[in-house]
Amino acid sequence: MKPTAPYRSETRRQRYDKRATLAKTIPVSICAVNFGLDENLAMTIRSAVCYGAESVMIIGSKPPDSFLRPRSGTTISYINILQFSTPHDFLEHCRDRDINIVSAELCDEAVDLNDFEFDFDKKTVIVTGNEWVGVPAEIIHNSQPIYLPYCGKGYSLNTAVTSSIILSEFNRQYAIHNRVRT
């Protein structure tokens, strides 16, 4: 007898729509700085949607939704995307809205993610830099820089992977923060 493939009675879109009615949003956004590989933006969008981020901010160019939709697992329809021309425009947006900026960058004064405590008194945006040049200096100087500790031979992770790890830690700390408050 030939094995049959599992059958799904709902489309991916229908499953997402159903899940969206129960989903919660956490006070965090991700900012991608002019990614060189558009697939990284799609994966970052997917992680942001799965973790319940409020938005994805993009400094620089944004590929068309028709490119991002299949590469994000169609999650692009479930998140607000804000686009900025320059790092300065992004910083101005954050200042005007009193948003805490945390940048993922290997630099002086960066704090190990394992030792970093997110501030839940205001919204946070996590900035992950361009694959080749990182986070712009203007943003680093106006943010709390953090880094991911590595014990392996590699020097840095893919930017989409980095944003997923930091979102996971934010989500973990946010859950603990809310348990303590209730």
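Residues numbered from 1 in each chain as written. Predicted model: local features only at pLDDT ≥ 70, side-chain atom pairs only at ≥ 80, totals over all residues. Heavy atoms only, no water.

J.: Is there a simple way to explain the sheet that holds strand β2 (residues 53-59) in this structure?
T.: Two strands in a sheet stick together by hydrogen bonds in their backbones, pointing the same way (parallel) or opposite ways (antiparallel). Spatially, 7 strands are ordered β3-β2-β1-β6-β4-β7-β5 in an open sheet, and the strand pairing comes out parallel. Each edge of the sheet is formed by a strand with only one pairing partner; in this case those strands are β3 (80-84) and β5 (111-112). Bridging between strand β1 (residues 26-33) and strand β6 (residues 124-128) involves 5 bridges; their strand directions are parallel. Its bridge partner lying in β6, Ile-30 is registered against Ile-126. Relative to β2, helix α2 (residues 38-51) is tilted by about 160 degrees, and along the sheet it contacts β1, β2 and β3. (Pairing = 2+ DSSP bridges. Helix = DSSP H or I, 4+ residues; strand = E, 2+ residues; numbered from the N terminus. Contact = heavy atoms within 4.5 Å. Axes fitted to C-alpha atoms, helices over the stretch in contact; angles between N-to-C directions.)

J.: Even after reading the chapter, I still don't get unusual backbone geometry, so can you show me in this structure?
T.: For residues other than glycine, phi is negative in most cases, and the peptide bonds are mostly trans. We note that Thr-74 has phi near 65 degrees; this positive angle belongs to a residue other than glycine. With respect to the element layout, Thr-74 can be found in the loop between α3 (65-71) and β3. Owing to a relative accessible area of 22%, Thr-74 belongs among the partly exposed residues under this scheme. (Buried < 20%, exposed > 50% of the residue type's maximum accessible area, 1.4 Å probe, protein only.)

J.: Looking at this structure, how should I read the side chain of Ser-163?
T.: Tracing the backbone through its elements, the reader meets Ser-163 in helix α6 (residues 159-181). Looking at Ser-163, the relative accessible area reads 0%, which means it is buried. The contact partners of Ser-163, leaving out residues within four places of it in the chain, are Ile-30, Thr-44 and Thr-128.

J.: Looking at this model, I keep getting lost on a nonpolar patch on the surface. Mind explaining?
T.: Together, Leu-106, Tyr-150, Tyr-155, Leu-157, Val-161 and Ile-165 line one region of the surface with nonpolar side chains, adding up to about 530 Å² of accessible area. Counting through the fold element by element, Tyr-155 comes out in the loop between β7 (144-147) and α6. The exposed category is assigned to Tyr-155, whose relative accessible area is 65%. (Patch = residues over 30% accessible without salt bridge, like charges linked within 9 Å, V, L, I, M, F, W, Y side chains within 5 Å. Areas by Shrake-Rupley, 256 points an atom, 1.4 Å probe, with all protein chains shown as cover. Salt bridge = Lys/Arg side-chain N within 4 Å of Asp/Glu carboxyl O.)

J.: Where do I start with the nonpolar core in this structure?
T.: The tendency in soluble globular proteins is for nonpolar side chains to be buried side by side. Counting 28 residues, the largest nonpolar core has Leu-41, Phe-118 and Ile-166 as the members making the most contacts within it. For this core, the secondary structure elements donating two or more residues are β1, α2, β2, β4 (100-104) and α6. Apart from the residues within four sequence positions on either side, Ile-166 is in contact with Ala-104, Leu-113, Phe-118, Ile-126, Ile-146 and Leu-148. Residues Leu-91, Cys-94, Ile-101 and Val-125 belong to the second largest nonpolar core, which totals 15 residues. (Core = buried A, V, L, I, M, F, W, Y, C linked by side-chain atoms within 4.5 Å.)

Any link to function would need more than the numbers given here.
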